[in-house]
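Below, each chain spelled out in residue letters.
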Amino acid sequence: MSAVPIEDDGPREDGHGLRVMTSRRVAIILFNLGGPDKQDAVRPFLFNLFNDKAIIGVPQPFRYFIAQLISRRREKLAKANYALMGGGSPILTETRKQAEALETEMAKRVSNVTFRCFIAMRYWKPFIVEAAEAAIDWHATDAILLPLYPQFSTTTTASALEAWTSICDLPVSTICCYPAGQKLAQSHADAILNAWREGGSPERPRVLFSAHGLPQSIVDRGDPYQWQVEQSVAAVRKLLPAEWDTRICYQSRVGPMKWLAPSTEHEIKVAAKNKAGVIVAPIAFVSEHVETLVELDIEYRALAKRLQLPFYLRAQTPSAAPRFIDALADLTERALSAPGKLQSESGGRLCPAAFGLCAQGSGT
Ligand SMILES: C=CC1=C(C)c2cc3[nH]c(cc4nc(cc5[nH]c(cc1n2)c(C)c5CCC(=O)O)C(CCC(=O)O)=C4C)c(C)c3C=C
Ligand SMILES: [Fe+2]
Ligand SMILES: [Fe+2]
């Protein structure tokens, strides 16, 4: 898919022999996972997820059949979970709020460029191809690829960026990761402190930083997600009272394989043994969806109640909080002034770009 120039786009004579540049139109492509919008969408959404080679690394046609099998098996449980949220995922509504807020912020910050956010979901509508088509139809001059995954993983960021580069050749600037940014950390700390205050400021809470899990085999292959989660937690910890106990744990395991440990469920059981109340902080999600609203708010809350934890509080995800939108705008602004470069905020250590996982995203 190629950029089609606007009829009168590009440098042109102004009648006095001077060259006039038409304005830059930057498409900000916001990547996320996507979620089923209705019950009938649950199975095809799950199929798309498990048919991604970044999730199940076996060749076709085997992956196709495995994806059919798993999505059929998981459908009933997943449908029941989405039913608890009114039938579908709120992830698109949440992402739209972020897109709107980021567009407004960028218009305030930069006056000689026109910005438009396009939502590009990996496994459900609006798909990445739809975002690419919409950006081309809007006559974007170039694009900033901004994954709504602060921590880079081959299963999320790389998968989305590869899907984009295989269909669209707009000049791009890519933001590959931003796990330890100060404003992102501050938005998490704000949410944790809010949850704590709203819970009556109980003494010595234990903060469980709960990240979406990943199969251990994927981490062993060099996926940087786990250490980037650790970087995020380190940045947030600095903003919390020093005497608070904090732990990292992993939720949302799927299937029988070994996943990152300890699990969030395990840490809730440990907290019960230690008679510690917890604040659960989703550290790898930037919006509300099934993994927060059902898994954390219903399933783990019920477990905590059964185990008689002194308290169970849950910090909200950054969603469209001004500090988080500010963080996204900073990243966008930096990418704007370095077209074609891969932007990374991974703290200097082993950027994914260094081992080529998302280098294709650098474009021009
Ligand atoms: C932090 C980002 C995410 C990583 C890493 C990730 C890896 C990963 N996920 C699955 C399987 C499922 N994930 C599901 C939902 C889901 N996952 C993420 C984010 C990450 N996944 C989000 C934001 C969501 C919510 C989508 C929504 O409904 O809005 C699901 C569907 C729900 C369910 O059935 O439990 C599955 C399945 C794997 C296998 C994996 C890494 C290999
Ligand atoms: Fe997931
Ligand atoms: Fe990076």
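Treat the numbers as computed from the prediction; the structure is a model and nothing was measured.

Okay, the overall build of the protein next. Within the protein, the regular secondary structure consists of 11 helices and 11 strands. When each of the 364 residues of the protein is scored for burial, the buried share is 45%. Across the protein, contacts joining residues at least 24 apart in sequence account for 79% of those joining residues at least 6 apart.

This paragraph deals with the site of ligand 1. The local shell around ligand 1 holds 23 residues, among which Gly-35, Ser-89, Ile-91, His-212 and His-289 are the closest. Among the elements of the structure, helix H1 (42-50), helix H2 (62-83), helix H5 (154-167) and helix H10 (290-306) are those that each provide at least two residues to the shell around ligand 1. Its residues placed into classes, the shell around ligand 1 shows 14 nonpolar, seven polar and two charged. Each of domain 1 (39-83) and domain 2 (182-314) contributes no fewer than three residues to the shell around ligand 1.

Let us look at the UniProt feature "binding site: Fe(2+)" (unreviewed entry) in the protein. Under the UniProt annotation, "binding site: Fe(2+)" (unreviewed entry) lies at His-212 and Glu-291. These annotated residues cover 80 residues of sequence, and their C-alpha atoms lie no more than 8.2 Å from one another, placing them together at a single site. If you trace the backbone, His-212 turns up in strand S7 (residues 206-212). Here Glu-291 shows up in helix H10.

This paragraph deals with the environment of Gly-57. Positionally, Gly-57 belongs in the loop between H1 and H2. Separated by 161 residues in sequence, Gly-57 and Ile-218 place their C-alpha atoms 9.8 Å apart.

Judged by nonpolar contacts, the single largest core of 104 residues is most densely connected at Ile-28, Ile-29, Leu-30, Ala-120, Ala-143, Leu-145 and Ala-281. If one sorts the elements of this core by residue count, helix H11 (residues 322-336) sits on top with eight residues. Beyond its immediate stretch of four places on either side in the chain, Ala-281 contacts His-188, Ala-191, Ile-192, Val-207, Leu-208, Phe-209, Ser-210 and Ala-315.

Moving on, we come to the sheet that holds strand S5 (residues 142-147). Pairing is parallel in the open sheet, where five strands are placed in the order S4-S3-S5-S6-S11. Two strands bound the open sheet, and with one partner strand each, they are strand S4 (113-121) and strand S11 (342-344). Strand-to-strand twist across the sheet, computed as the mean angle between neighbouring axes with direction ignored, equals 20°. As paired elements, strand S6 (residues 172-177) and S11 share three bridges and run parallel to each other. In the strand pairing of S11, Ile-175 is matched with Gln-343. Across the sheet, helix H4 (residues 128-137) touches strand S3 (24-32), S4 and S5, and the angle it forms with S4 is around 160°. Against the sheet, H11 contacts S3, S4, S5, S6 and S11, and its axis sits at roughly 140° relative to S5.

Attention now moves to the pairing of S5. Side-chain positions along a regular strand alternate between the two faces of the sheet. Among the six residues of S5, six are classified as buried, and the element is accordingly described as predominantly covered. Neither face of S5 is open: one carries Asp-142, Ile-144 and Leu-146, the other Ala-143, Leu-145 and Pro-147, and all of them are buried. Two elements, S3 and S5, share six bridges in a ladder whose sense is parallel. Bridge assignment links Ile-28 to a residue of S5, and that residue is Ile-144.

Conventions we followed
- Residues numbered from 1 in each chain as written.
- Chains lettered and ligands numbered in written order.
- Predicted model: local features only at pLDDT ≥ 70, side-chain atom pairs only at ≥ 80, totals over all residues.
- Helix = DSSP H or I, 4+ residues; strand = E, 2+ residues; numbered from the N terminus.
- Buried ≥ 20, exposed ≤ 12 C-beta atoms within 10 Å, placed from the backbone.
- Contact = placed C-beta atoms within 7 Å.
- Near = placed C-beta within 6 Å.
- Nonpolar A, V, L, I, M, F, W, Y, C, P; charged D, E, K, R; others polar.
- Domains from an automatic or database assignment.
- UniProt positions renumbered as here; feature names shortened; annotations may be inferred.
- Core = buried A, V, L, I, M, F, W, Y, C linked by C-beta atoms within 7 Å.
- Pairing = 2+ DSSP bridges.
- Axes fitted to C-alpha atoms, helices over the stretch in contact; angles between N-to-C directions.

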